[in-house]
Amino acid sequence: GENVEQHPSTLSVQEGDSAVIKCTYSDSASNYFPWYKQELGKRPQLIIDIRSNVGEKKDQRIAVTLNKTAKHFSLHITETQPEDSAVYFCAASNTGNQFYFGTGTSLTVIP
Amino acid sequence: GAVVSQHPSRVICKSGTSVKIECRSLDFQATTMFWYRQFPKQSLMLMATSNEGSKATYEQGVEKDKFLINHASLTLSTLTVTSAHPEDSSFYICSAREPGRLPEAFFGQGTRLTVV
């Protein structure tokens, strides 16, 4: 099955700085890569996703890049704000099939 | 649209009893639903894939006789934790994909199970 690794496990940044979280995956058949933000005790919230036919996608302060050859993808958050503090998960999926999640990154934005 | 509702949100049960968790797709039909378990400060671990009208597919290491999954209709999947033990205490989350909005997945709000 798919194996998704995520780094770092914890990340602290000053407000206004950028945060980068990286994931690798193992199954070359995976073609959909979402990123989720999860607050304690709540369901994961989709913040951005990318499909395998695209190399980069941006939505305001959030961007995701994908290198399909190297099997890695990254989340970039610019101009971080305290409300960005949460746990972030990457995931990989083959359309129509199950998701496999990374191990999570606890992001703290220091005011 | 694409709402997944999970019930109950919290449950406390005694060791040895069974607990049923429901996952419903409210405004779409889901032939497949997924069940995850999340321990504190850990990731969502896929437990099983629930298939409407057929047996669930379990991930390696998940006991199918302990975690019974029933997907009796296109809008409802249930997870029953049988003979629960304290180590089964966890956050259980279901998800489903709406055929018209692939490949995005939609998650239930989760169930916090505490076994005492």
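Here is what the cut-offs are and how they apply
- Residues numbered from 1 in each chain as written.
- Chains lettered and ligands numbered in written order.
- Predicted model: local features only at pLDDT ≥ 70, side-chain atom pairs only at ≥ 80, totals over all residues.
- Heavy atoms only, no water.
- Phe/Tyr/Trp six-rings, centres within 6.5 Å; stacked < 30°, edge-to-face > 60°.
- Helix = DSSP H or I, 4+ residues; strand = E, 2+ residues; numbered from the N terminus.
- Buried < 20%, exposed > 50% of the residue type's maximum accessible area, 1.4 Å probe, protein only.
- Pairing = 2+ DSSP bridges.
- Salt bridge = Lys/Arg side-chain N within 4 Å of Asp/Glu carboxyl O.
- Contact = heavy atoms within 4.5 Å.
- Buried area = accessible area lost by both parts, 1.4 Å probe.
- Polar contact = N/O pair within 3.5 Å; in protein donor to acceptor, adjacent residues only side chain to side chain.
- Nonpolar A, V, L, I, M, F, W, Y, C, P; charged D, E, K, R; others polar.
- Core = buried A, V, L, I, M, F, W, Y, C linked by side-chain atoms within 4.5 Å.
- Disulfide = S-S within 2.5 Å.

**Q** Can you help me understand the packing of aromatic side chains in this one?
**A** For any pair of aromatic rings, the description consists of the separation of the ring centres together with the inter-plane angle of the planes. Taken as a whole and judged by the stated rule, the model has 13 aromatic pairs over all chains. Residues Phe 101 of chain A and Tyr 36 of chain B carry aromatic rings whose centres are separated by 5.4 Å and whose planes lie at 90° to one another, so their mutual orientation is edge-to-face. Placement of Phe 101 of chain A in strand S10 (residues 99–101) and of Tyr 36 of chain B in strand S4 (residues 32–38) is noted, with the two residues assigned to different chains. Cluster of aromatic residues (ring-pair linked, three or more members): Tyr 32, Tyr 36, Phe 89, Phe 99 and Phe 101 of chain A together with Tyr 36 and Phe 107 of chain B.

**Q** Teacher, can you tell me more about the pairing of strand S9 (residues 90–96) of chain B here?
**A** Within a regular strand, side chains alternate between the sheet's two faces. All names here are of chain B. With 7 of 7 residues buried, S9 is to be regarded as a mostly interior element. Of the two faces of S9, the one holding Ser 90, Tyr 92, Cys 94 and Ala 96 and the one holding Phe 91, Ile 93 and Ser 95 are both buried throughout. Bridge count between S4 and S9: 6 bridges; the pairing is antiparallel. Directly across from Met 33, in S9, lies its bridge partner Ala 96. By the bridge criterion, 3 bridges tie S9 to strand S11 (residues 111–115) in an arrangement that is antiparallel.

**Q** Quick question: what am I supposed to make of the pattern of salt bridges here?
**A** Residues and elements named next belong to chain B. Scanning the model with the defined rule gives 5 salt bridges over all chains in all. Here Lys 66 and Asp 88 are joined by a salt bridge, their closest N and O atoms 2.8 Å apart. Taken together, the residues Lys 66 in the loop between strand S6 (57–58) and strand S7 (67–73) and Asp 88 in the loop between strand S8 (76–81) and S9 connect sequence positions 22 residues apart. The two residues Lys 66 and Asp 88 agree in class, both being buried.

**Q** I tried to follow the interface of chain A and chain B on my own but got confused; where do I start?
**A** Frequently, the measure chosen for interface size is the accessible area that the parts lose on association. Tallying the contact residues gives 21 residues for chain A and 21 residues for chain B. Counting the surface lost from both chain A and chain B, the interface buries some 1700 Å², and carbon and sulfur atoms represent 58% of this. On the chain A side of the interface with chain B, the three residues burying the most area are Arg 43, Phe 99 and Phe 101 of chain A, jointly 32% of the side's total. At the surface where chain A touches chain B, the tally comes to 0 salt bridges. At the junction of chain A with chain B, the criterion picks out 7 residue pairs in polar contact (both at pLDDT 80 or more). At the level of secondary structure, the elements contributing two or more residues to the side of chain A that touches chain B comprise strand S4 (32–38), strand S5 (45–51), strand S9 (86–93) and S10 of chain A. Its residues assigned to classes, the side of chain A that touches chain B shows 8 nonpolar, 10 polar and 3 charged.

**Q** What's the story with the nonpolar core in this structure? I'm lost.
**A** Buried together is how nonpolar side chains tend to be arranged in soluble globular proteins. Core analysis: the biggest nonpolar cluster contains 39 residues, and Trp 35, Leu 75 and Phe 101 of chain A have the highest contact counts within it. Of all the elements, S9 of chain A adds the most residues to this core, at 6 residues. If we skip the residues at most four places from it in the chain, Leu 75 of chain A touches Ala 19, Val 20, Ile 21, Trp 35, Ile 47, Ile 48, Ile 62, Ala 63 and Tyr 88 of chain A. By size, the runner-up hydrophobic cluster in this structure holds 26 residues, among which are Ile 21, Met 47, Phe 67 and Phe 106 of chain B.

**Q** Looking at this structure, how should I read the pairing of strand S7 (residues 62–67) of chain A?
**A** Residues and elements named next belong to chain A. In the sheet, strand S6 (residues 56–59) pairs with S7 via 4 bridges, with the strands oriented antiparallel. Bridged to Lys 58 within S7 is Ala 63. In textbook terms, the turn of a hairpin is the stretch between consecutive antiparallel strands, and for S6 and S7 this stretch comprises 2 residues, one of which, Gln 60, has a positive phi near 55°. Bridge count for S7 against strand S8 (residues 72–77) is 6 bridges, and the pairing is antiparallel. Among the inter-strand pairings, Ile 62 is bridged to a residue of S8, identified as Ile 77. Here S7 hands over to S8 after 4 residues, with Lys 71 in that stretch at a positive phi of 60°.

**Q** Sorry, what's going on with the state of the cysteines here?
**A** Here a disulfide denotes a covalent bond joining the sulfur atom of one cysteine to the sulfur atom of another. Under the criterion given, the structure shown has 2 disulfides over all chains. Disulfide partner of Cys 23 of chain A: Cys 90 of chain A, at an S-S distance of 1.9 Å. Across the S-S bond of Cys 23 of chain A and Cys 90 of chain A the torsion is about -100°, and the bridge reads as left-handed. Separated by 67 residues along the polypeptide, Cys 23 of chain A in strand S3 (residues 19–24) and Cys 90 of chain A in strand S9 bring together distant segments of the chain. Each member of the pair Cys 23 of chain A and Cys 90 of chain A is classed as buried. Covalently, Cys 23 of chain B is tied to Cys 94 of chain B through a disulfide, its sulfur atoms 2.0 Å apart. The S-S bond linking Cys 23 of chain B to Cys 94 of chain B shows a torsion near 85°; that makes this disulfide right-handed. Of the two residues, Cys 23 of chain B sits in strand S3 (residues 19–25) while Cys 94 of chain B sits in strand S9, which places them 71 residues apart along the sequence.

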